[in-house]
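# Structural characterization, general
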Amino acid sequence: ANRGPVVAEKVDNPYGSTAGAGSGEFHVYRHARAREMARWKKINEDEAERTAEEEFRNKLATDTKSEAEKTEKRRRKRERAKEAKRRKKNMKLGGVGGVTKE
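Throughout what follows, the structure given in this document is the object of discussion.

Reading guide: rules and limits
- All residue numbers here refer to positions counted from 1 along the written sequence of the relevant chain.
- Restriction of local features to residues with pLDDT of at least 70 applies here, the model being predicted, together with a cutoff of 80 or more for giving and counting side-chain atom pairs; totals for whole chains, interfaces and linings are based on all residues.
- Calculation of side-chain values draws on the structure's entire complement of heavy atoms; hydrogens and water are dropped beforehand.
- Helix and strand definitions follow DSSP, with helices as H or I runs of at least four residues and strands as E runs of at least two, each counted in order from the N terminus.
- Each helix should span, by expectation, one fewer than its residue count multiplied by 1.5 Å.
- When a carboxyl oxygen of Asp or Glu is within 4 Å of a side-chain nitrogen of Lys or Arg, the pair counts as a salt bridge.
- For every residue, the accessible area obtained with a 1.4 Å probe (protein chains only) is divided by the maximum for its type, and the residue is called buried under 20%, exposed over 50%, and partly exposed between those limits.
- Counted as a polar contact is a pair of N or O atoms within 3.5 Å, where, for protein atoms, one must be capable of donating a hydrogen and the other of accepting one, and residues adjacent in sequence contribute only when both atoms are in side chains.

What follows is about helix α1 (residues 25-93). Spanning 69 residues, α1 covers 101 Å between terminal C-alpha atoms, matching the ideal 102 Å at 1.5 Å per step. Trailing α1 by a residue or two, Gly95 shows a phi angle of about 85°, which is positive.

Moving on, we get to the pattern of salt bridges. Pairing is possible between side chains of opposite charge, provided their charged atoms come close. Overall, the coordinates contain 10 salt bridges when judged by the stated rule. Notably, a salt bridge pairs Arg39 with Glu36, separated by 3.0 Å at the nearest N-O pair. Taken together, the positions of Arg39 and Glu36, both in helix α1 and 3 residues apart, correspond to about one turn of that helix. By relative accessible area, which is 41% here, Arg39 ends up partly exposed. On the basis of relative accessibility, which here comes to 33%, the residue Glu36 falls in the partly exposed class.

On the secondary structure map, Glu47 appears in helix α1. One polar contact links Glu47 to Arg50, side chain to side chain, over a distance of 3.0 Å.

Next up, the structure:
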């Protein structure tokens, strides 16, 4: 349900203080406009926050997976080294490979 950023509908000819209204109407218009602008600002901030949160979650998941793969690779490398060390020790105890006396 990602519809993208919210786009305001452009009103080409809004009424204003000179649109045949009385002197008190401008203040009503001004307050209504301020409320509408505040509403749009909140909508845009919420959208930006949601987008940033989604990007953060995606990056976190990617980084976590990458780090787990690196950790697993290092663990396998340590295991291989330990196994090689055990094989070498067993071969030495079995009399295979060491220094020969001539």
